[in-house]
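# Per-entry structural report
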Amino acid sequence: MAIKQKTKSLTAKGSHLSDTYVQLNVLNGKDISDAKFPRFGDKLAAQGHRPFKPTEIEIFQLNIGKLCNQTCAHCHVDAGPDKREENMNRADLERCVEIIAATPSITTVDITGGAPEMNPNFRWFVEQCTALGKRVIDRCNLTIIMANPKYRDLPEFLAKHKVHVISSLPYFSKKRTDGQRGDGVFEDSIKALQLLNEVGYGKPGTGLVLDLVFNPSGAYLPGKQETLEAEFKRQLDRKFGIVFNQLYAITNLPVARFLDYLLETGNYEEYMQKLVDAYNPATVDGLMCRNTISVSWDGYLYDCDFNQMLDLKVAARGQHIQDFDLQELRTRNIVLNQHCYGCTAGAGSSCSGTVA
């Protein structure tokens, strides 16, 4: 069914928060809010991490475009239907294939967006990466499968190449899902999950992995991942006959549209204090920035997807895929800022859920 968009992108609204410099000023108490919080880097330094260093580059994560069929209220990418120019071109994707092929430590290629499937080179890129023997992840918003007949065969394509599908589903109820993502999203998401199940995703013995992602819909931390997973499995199976493998609980970071939401609702300072108070030293070893390189749609390199959305490029001379230097990236210092509290709060948060 047609989706009624929940909001507009910050760019479309003309919001000054579309400027990453403004977002960083807010996070550091220099604009809109003058609240000061302990420096995140000092927290890590107290644990002996000064500077903060990576381990090994194992995950090559690409945002291949901000174009999306949805404009979700919490989106840290600020993706949407208006982001037509922000799509990775074929030449840059070819360069990424070269890097992946030449880097044995990279075992996983994590493709995200936007709706990454809307990039015209998405299927070609998946085929290239699977041919190299890499584990490929598609971060699918589900509704793209139902958005247009040309995407309806995505479940078959993804199954053919044994792509690991990670799909965002805010809740197992229509009210909470549509409240975060727009009217019609829940219905289309359920249909898409059923289509994925039909080709074997989420079912034992198929090797086709289907994981779901839960983000809180408000200014609070997610509940315990194991408890949420059990309830999602019970409810989706009982109501719709849907099965899946794992559920990832991910903390919303104060970036882009979620930062805008926090400021508009007067929850920014309270939420930041929650993140600071929930800092958990046990999460540090498992942070995604330690084994991941994040690549933007225009080919720049970042320590993680969230740094990418704040335009905090890697601390290295080669900051673009054309100047990719593996040794330099292995020895770089990871760039930190106040939003990093979101990844270390409670059980921690990463693109693969909790870390502690």
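Residues numbered from 1 in each chain as written. Predicted model: local features only at pLDDT ≥ 70, side-chain atom pairs only at ≥ 80, totals over all residues. Heavy atoms only, no water.

## Things to note about the pattern of salt bridges
Definition in use: We define a salt bridge as a side-chain nitrogen of Lys or Arg found within 4 Å of a carboxyl oxygen belonging to Asp or Glu. By the criteria applied, helices consist of DSSP H or I runs no shorter than four residues and strands consist of E runs no shorter than two, each listed in order from the N terminus. Summary of the burial criterion: residues with accessible area below 20% of their type's maximum are buried, those above 50% are exposed, and those between are partly exposed, where the area comes from a 1.4 Å probe applied to protein chains only.
For the structure shown, the criterion picks out 17 salt bridges. With its nearest N and O atoms 3.7 Å apart, the salt bridge here joins Asp78 to Lys83. For Lys233, the salt bridge identified is with Glu229, shortest N-O distance 3.6 Å. Taken together, the residues span about one helical turn, with Lys233 and Glu229 both in helix H10 (residues 225-240) at a distance of four residues. Given the relative accessible area of 30%, Lys233 is considered partly exposed. Connected via shared salt-bridge partners are Asp78, Lys83 and Arg257.

## Notes on the state of the cysteines
The following threshold applies: The criterion for a disulfide is a pair of cysteine sulfur atoms lying within 2.5 Å.
One pass over the full model with this rule turns up zero disulfides. Distance from the sulfur of Cys140, which forms no disulfide, to the nearest cysteine sulfur (Cys68) is 9.7 Å. Overall, the relative accessible area of 3% leaves Cys140 in the buried class. Here Cys343 is not cross-linked by a disulfide; its sulfur's nearest cysteine counterpart is in Cys304, at 6.1 Å.

## A word on helix H8 (residues 174-181)
Formally: The arc in question is the one spanned by the directions pointing from the helix axis to the C-beta atoms. Working rule for contacts: check all heavy atoms of both residues, and any pair within 4.5 Å makes them a contact.
Within the span of H8, buried status applies to Thr177, Asp178, Gln180 and Arg181. Viewed along the axis of H8, the buried residues span an arc of 165°, placing them on a single side of the element. Lining the buried residues of H8 we find strand S5 (164-168), strand S6 (182-183) and helix H9 (185-198). The positive-phi residue at the C-terminal boundary of H8 is Gly182, with phi of around 120°.

## Comments concerning helix H12 (residues 268-277)
Think of an α-helix as 3.6 residues a turn; residues three or four steps apart then line up on the same face. Within the sequence span of H12, burial applies to Tyr268, Tyr271, Met272, Leu275 and Val276. The buried residues of H12 occupy one face: seen down the axis, they fall within an arc of 140°. Turned more than 90 degrees from where H12 packs its buried face, Glu270 and Asp277 sit exposed. Structurally, H12 contributes buried residues whose contacts are with helix H2 (20-27), helix H11 (256-264) and helix H15 (341-344).

## Considering the packing of aromatic side chains
Going by this rule: For Phe, Tyr and Trp, where Trp contributes only its six-membered ring, two rings pair if their centres lie within 6.5 Å, and the inter-plane angle classes them as stacked under 30 degrees, edge-to-face over 60, or tilted in between. In this analysis the charged atom, NZ for Lys or CZ for Arg, is taken to sit over a ring once it is within 6 Å of the ring centre and within 35 degrees of the ring normal.
Tallying each qualifying case throughout the model produces twelve aromatic pairs. Between Phe122 and Phe157, the ring centres sit 6.4 Å apart and the planes meet at 55°, which makes this aromatic pair tilted. Highlighted residues: Phe122 in helix H5 (residues 122-131) and Phe157 in helix H7 (residues 154-160), separated in sequence by 35 residues. The exposure class assigned to Phe157 is buried, which follows from its relative accessible area of 9%. Taken together through their ring pairs, the aromatic side chains of Tyr171, Phe172, Phe214 and Phe232 make up a single cluster. Note that Arg176 overlies the ring of Tyr171, its terminal NZ or CZ placed 3.7 Å from the centroid. For the cation-ring pair, Lys233 lies above Phe244, with the distance from its terminal atom to the ring centre recorded as 5.6 Å.

## Concerning the pairing of S5
Among the five residues that make up S5, five are buried, leaving the element largely enclosed by the rest of the structure. Burial along S5 is two-sided: the face carrying His164, Ile166 and Ser168 and the face carrying Val165 and Ser167 are both buried.

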